[in-house]
Structures are given as C-alpha cells and as structure tokens.
Amino acid sequence: MAKSELLIKTLFSIRNKYEKKFTDQKVDCLQSIIINKLRSKNAVLLYNDVLLFLIAFPDNKNIYRLAQEKINELEKHIKGNGSLQYSLYNSGIRNSSLCAAFSFEIVKWLSSNFTANIRLNSFEAPDEQIRSILTAVMPKIETEKMQESKTAWKEWILRGLQKEQELLDGFIAIFDNSDLRPEVKDELWNTIGINTEIDCFLEPFLSEKFATPFYHRSLRKSSSSNKSFIPKRVLLEAREAKQIIDLSRMVLIGQLREIDPISFTYPNGVSYYSLERGYGIALFSMMPERQVPNDSYMGYTVFKNGLPIAYAGSWIMFDSSRIGLNVFPAYRGGESQYIFQLVLQVHAAVYKLKRFTVDTYQIGKDNYDGIRSGAFWVYHHAGFRPINKEQKELAAAEAGKIKNTPGYRSPLSVLKKFAESRMELRLNKSAFNFDAVDLSDIYAAILKKQFANDRYLAKKGAVKKLAGLLQIKNNSPAMNYILENWALVLLYKEKELRKNNELKKELKRLFLLKATGKEEVYIANMQKAKEFKKILELIWKELI
C-alpha cells in the first residue's frame, strides 16, 4: 500500500481526537499526503470524507485552513483525471458524475437551473408502458399519433421540441403542463423511471455569513437541557434561501436520496437558525400544492461550519412530531448525539412541541443502515424510549449491560428487535398522544365498523356533507383534498360535530389555512384547537 494511502488511514483513525499529539499528527499527515499520487477510488473517497470531517470539526484555524486547501486540491485532481472520475461514478464526490432516477420536481429544478450538468441517460420502463403513461398525462388529441408504433411516442415528443431542446425537456414540459394532482404526476413519472446523469459540481459550503468556523478542543456528546432555549433566527435574502435549498438538494442527490420537504420546498418556505459551536439549522416547508392534508410534513438540514452534515423530516400534528436524524457518512464519529439534541431543541422552540416520536424505519426496520449505525442508541441517549412494553424492558436490560460490561455492544439480533417498536420522548404529560400514522388505524377501524370495508360507500357524499357542516364554500382541488382526508374520521362523530360550534369554527379555520399553504400558521392554530384535539382523542379511545 502506498505511503499516502497509509497516511489517509491514519488521519481517519485520529480525525475525532483532540489532544495536542493528535493535532500535530493531523498536520503532519495533511502536509505529507501527495494528492497527485492517489489513484485508488477507496483512498480518494476516504480522504474526501476525512477532509470534510476536519472542516466541520477542526482542532484549530491551521487544520481548518489546511483541510480546505487539500479538498480543493483533491477536487482539481479528480477533475483532471478521467480514469479516476470514471471509477468515482455514482459516489457523489465533487467533480464526478452519477446516474439515478429522481423525482419530477428535482429533475425539473436541475434542468432549469443547471442545464449543462444534467442529461437523459435511459428509461427503466419499456416503450409500450411509457406510451401508456403518456396517454394518461397528455391530451387525447396528441396521443392518437403515438399508437402507430411502440416508439412513436419518442418521435412525437421530439417533433415538438425547439432546436436546442432534447427529449428530457419534452418530458418535463409534458408533465409540467399536466393538470393531474402532484402526487399522481409523481407516481407516473417514477413509473417511467427516467434515469438522468448529473454532474456533482456545486460548492459544498454556504456563504461566509453562515460559516463562521468553530474550533474544537473536544467533541460534545450531549447538550445541557435548557427549557429557555431560544434559537436565533437569521433573516434570509432570496438568494440566500436559494443557496440553502440548492446545497441541501445537491448533497442529497450526491447520496442518491431525496425527501419531500427539501425536494418540494421554495424560498419563502425556508427559515434558518444560527446556533452555538458553528451549527445552523435550516427548516423547510413545502410549496402549498405539495403539503399533506392531515399533519404538517416539514424538513431540515443541519449545517456545521457551513457544511451540510445531517438532514431529516418531521411530521407535526398538534404539539407532537414524528422526527428522525440522518447524519451523512463523512460526519459520523463526530457529535451525532449532540446534533440530534440541537434538532429537538430547535423544533420544540420553533413549533412549540411537547412530544416526539421515531418511526421503526429510523431505528432500523427494513433499514440496514439504521441497524449498522446503532441508531436506536442515538435516540435512547436523547431520552426516547420504546412505546411497546417488550422493547422498553429489553432496552433497560441492554442499557444495564452496556453500563456494567466494558466493551459490550448490543448484538444485531437485539438491535433488530428494538426496531419493531416506535420510540417516544415526552417533554410534557399534556402532549397530544398520537400521530398522523395513528389516524390510518382510526380510518381503517371506522371503515370496517361502519361500512364493512366498502370504500366507495364510505366516501360517497362525505366531502359534500363535511363542507356543508363547516360552511366551507371553497371547492378548490386543495380544499377538496383536505376534506376528503378528514371526512370519514370527523363524520364518525357527526352528532357531536353538528352541535359543537367551536369545533366547527376551529376546523374551518384550519382547513382554510391548510388549503392556502400557510403551514407554520396552520401548526400554531392547530395547537390552539382544543375542541378538535378533544374529539380526536375521544375517537381514538373508542376505536383503538
């Protein structure tokens, strides 16, 4: 193994150690590694991750500066080495390329803003299936011509393009002009499987305004509980909000990932909070036509010294939120526990939350990365406990073993068992006791009890009846979508609803806010809706 590759491994092993001897050793390694000699894909990826870690968690100004210089040199080395670029395909590292199928909104955004860095690669669906999908999306008068042959759809789309446009532009225009509901459009786009090739080109840092570096003497494992925690909101100019969105999207694309609140956000839906130790958190709400009808699906990106280091979503209903944490691989071994506590504190302060829950997927259910990273213990150390009794007792026993047995780690079989139960952190006993996922159980129980699982019968006339009871005359698609998703549940207690004028006022106000896309205002007003909360808790206790 080459000397530089050995030095990279050494640097990785000491990246999160902060005694003077390790600080000096980091400097020696950084100065001794010869970047132009690096040919191995694995060595380049490891070095890139170590440099990102050292920029996010530097010992001092010298290491921070050196790591920035070296990552710039590494990126130039990759850019000038074709064979290395090829080996780094789909790695997400800057100056390489990747290929995958992304959502319609992301492809549209890339095509509009970074035209030279995205191109069509292939389709996963066969020609006949693509033709069938286009028939559902396009006007009937256009699709008649597509019946001539299996590939006639391609010829027809190309025929309608301008000289500088390509087939991908045609697909984007067709889907953009469709009046289908966004989620239907998404599913049809995803079914086609439009693989695009994307250049990873974007600078990985926020502007200096958001990137004042913090230097470490050690890593912080936890945050002190501070009930008066008030995050400092930074007022954003439009270009700054755009930069936060661009960087949050691109770092996810580099990991071949997406989450809706970041994919479907917009500049006015972004807020940024400056925190201690070089941290900042951007919160995202979705554009109005993308918002979900029952709870509020929000997203966030955590920044450290200007680098995006973690992300996830939160589903807020009343004063309760389902939440998760995904730390990007390069930054694991840093301050994951402390980061999550900051995330919880910011969400609790901004959205006035009293309860958090974690889905089983975040813990590791059907998610090997969650098992491998020991996600359960990250949540456990933050105060979360399993909701199911069996897992709660098992967790207590495992915590005892970890405390009393040096070097003990929970085996995979135990971690998989943990992943069978959601987890909960209660900040206040009065917190709302269930989430939107629990509404699905309520819906299913009502469907079975009142309608013998006949969905057509359950749906028939329900939207019109609920709109009439609430005196809602707004019949926009957004309002109908909201009413449709609440009607069965609320009409289960139709008698109570008819005679409770305060409840009707609360529901009308909330549904109008949701339909117009004022998500933060919706959250605040939902928390004040005491009658709404009371009726849902009554239904829950009766049915579940």
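Structure shown above.
Residues numbered from 1 in each chain as written. Predicted model: local features only at pLDDT ≥ 70, side-chain atom pairs only at ≥ 80, totals over all residues. Heavy atoms only, no water.

**Describing the overall build of the chain**
A count of helices and strands for the chain gives 27 helices and 13 strands. For the C-alpha atoms alone, the extent of the chain along its principal axes is close to 75 × 70 × 45 Å. In the chain, the proportion of contacts linking residues at least 24 apart, taken out of those at least 6 apart, comes to 69%. Accessible surface, the chain: about 26,100 Å² in total, of which carbon and sulfur atoms supply 50%. The distance from the centre of the 82 positive side-chain charges to the centre of the 61 negative ones in the chain is 6 Å. (Helix = DSSP H or I, 4+ residues; strand = E, 2+ residues; numbered from the N terminus. Contact = heavy atoms within 4.5 Å. Areas by Shrake-Rupley, 256 points an atom, 1.4 Å probe, with all protein chains shown as cover. Lys, Arg positive; Asp, Glu negative; His and termini not counted. Charge placed at Lys NZ, Arg CZ, Asp CG, Glu CD.)

**Here we look at the packing of aromatic side chains**
If you walk through the whole model with that rule in mind, you get 27 aromatic pairs. Each ring, one from Y64 and one from Y215, has its centre 6.1 Å from the other, and the planes form 75 degrees; the classification is edge-to-face. In this pair, Y64 is assigned in helix 4 (residues 61-79) and Y215 in the loop between strand 3 (194-199) and strand 4 (232-234), connecting sequence segments 151 residues apart. Residue classification places Y64 among the buried positions, given a relative accessible area of 10%. Here Y215 falls in the partly exposed class, since its relative accessible area comes to 30%. Through successive ring pairs, a cluster of aromatic residues spans F318, F432, F434, W486, F511, F532 and W540. (Phe/Tyr/Trp six-rings, centres within 6.5 Å; stacked < 30°, edge-to-face > 60°. Buried < 20%, exposed > 50% of the residue type's maximum accessible area, 1.4 Å probe, protein only.)

**Quick word on the pattern of salt bridges**
Under the counting rule described, the total for this entry stands at 37 salt bridges. For E424, the salt bridge is made with R355, and the minimal N-O distance between the two is 2.8 Å. Linking E424 in strand 13 (residues 423-426) with R355 in strand 11 (residues 355-358), this pair joins segments that are 69 residues apart in sequence. Relative accessible area serves as the criterion here: at 2%, R355 is assigned to the buried category. The partner of K465 in a salt bridge is E494, with the nearest N and O atoms 3.4 Å apart. Taken as a pair, K465 in helix 22 (residues 462-470) and E494 in helix 24 (residues 494-499) lie far apart in primary sequence, 29 residues in all. Through salt bridges with shared partners, a single ionic network connects R355, R422, E424, R426, D435 and D438. (Salt bridge = Lys/Arg side-chain N within 4 Å of Asp/Glu carboxyl O.)

**Topic: the side chain of T23**
Within the secondary structure, T23 sits in helix 2 (residues 20-32). Beyond its immediate sequence surroundings of up to four residues, T23 is in contact with Y18, D59, N60 and I63.

**So, the state of the cysteines**
Overall, the coordinates contain 0 disulfides when judged by the stated rule. Of the cysteine sulfurs around C200, a residue in no disulfide, the closest is that of C99, at 11 Å. (Disulfide = S-S within 2.5 Å.)

**Thoughts on the nonpolar core**
One finds Y47, I309, Y331 and F384 to be the most contacted residues of the largest nonpolar core, which totals 101 residues. Residues contacting Y47, with those up to four places away along its chain left out, are I8, L11, L30, I33, I35, L38, K70 and L74. Of all hydrophobic cores here, the second largest spans 41 residues; its members include A458, W486, L488 and L510. (Core = buried A, V, L, I, M, F, W, Y, C linked by side-chain atoms within 4.5 Å.)

**Notes on the sheet that holds strand 1 (residues 97-101)**
With antiparallel pairing, 3 strands are arranged side by side in an open sheet as 1-3-2. Every other strand in the sheet has two partners, leaving strand 1 and strand 2 (118-123) as the edge strands with one partner each. Within this sheet the neighbouring strands show an average axis-to-axis angle of 25 degrees, counted without direction. Pairing between strand 1 and strand 3: 5 bridges, direction antiparallel. Each residue of the ladder has a partner; that of A100, found in strand 3, is T196. Sitting on the sheet, helix 10 (residues 167-176) touches strand 2 and strand 3, and the angle it makes with strand 2 is about 85 degrees. (Pairing = 2+ DSSP bridges. Axes fitted to C-alpha atoms, helices over the stretch in contact; angles between N-to-C directions.)

**Considering the packing of helix 3 (residues 41-56) against helix 4**
Two quantities define a packed helix pair, namely the angle between the helix axes and the distance between the axes. Between helix 3 and helix 4, the least distance of the axes is 9 Å, while the angle of their chain directions is 150 degrees. Judged on the interaxial angle alone, helix 4 and helix 3 are roughly antiparallel. In the crossing of helix 3 with helix 4, the sense of the turn from one axis to the other is left-handed. Residues V44, Y47, N48, L51, L52, L54 and I55 of helix 3 lie in contact with helix 4, whose contacting residues are I63, Y64, A67, Q68, K70, I71, L74 and I78. Split into classes, the residues belonging to the contact of helix 3 with helix 4 amount to 12 nonpolar, 2 polar and 1 charged. (Parallel < 35°, antiparallel > 145°, perpendicular 65-115°, else oblique. Left-handed = near helix turned anticlockwise from the far one by under 90°. Nonpolar A, V, L, I, M, F, W, Y, C, P; charged D, E, K, R; others polar.)

**A short note on the pairing of strand 11**
Alternating residues of strand 11 divide into R355 and T357 and F356 and V358, and every residue in both groups is buried. The sheet contact formed by strand 9 (residues 320-323) and strand 11 spans 3 bridges and is parallel. Across the sheet, the residue bridging to R322 is T357, located in strand 11. Two strands pair when backbone bridges link them, and strand 11 and strand 13 are joined in this way by 4 bridges, in the antiparallel orientation. Within strand 13, the residue paired with V358 across the bridge is M423.

**Comments concerning helix 27 (residues 530-543)**
The terminal C-alpha atoms of helix 27, which comprises 14 residues, lie 20 Å apart, in line with the 20 Å expected from a rise of 1.5 Å per residue. For helix 27, the elements touching its buried residues are strand 8 (307-317), helix 20 (436-451), helix 23 (477-491), helix 24, helix 25 (501-515) and helix 26 (519-528). (Expected span 1.5 Å × (residues − 1).)

**Comments concerning unusual backbone geometry**
Negative phi characterises most residues that are not glycine, and trans characterises most peptide bonds. Unusually for a residue other than glycine, A452 sits at a positive phi of about 50 degrees. Positionally, A452 belongs in the loop between helix 20 and helix 21 (455-459). Residue N453 is not a glycine yet carries a positive backbone phi of 65 degrees. For N453, the position within the fold is in the loop between helix 20 and helix 21.

**Structural notes on the environment of L457**
Turning to its location among the elements, L457 is positioned in helix 21. By relative accessible area, which is 44% here, L457 ends up partly exposed. Through-space distance from the C-alpha of L457 to that of G82 is 62 Å; in sequence the pair is 375 residues apart.

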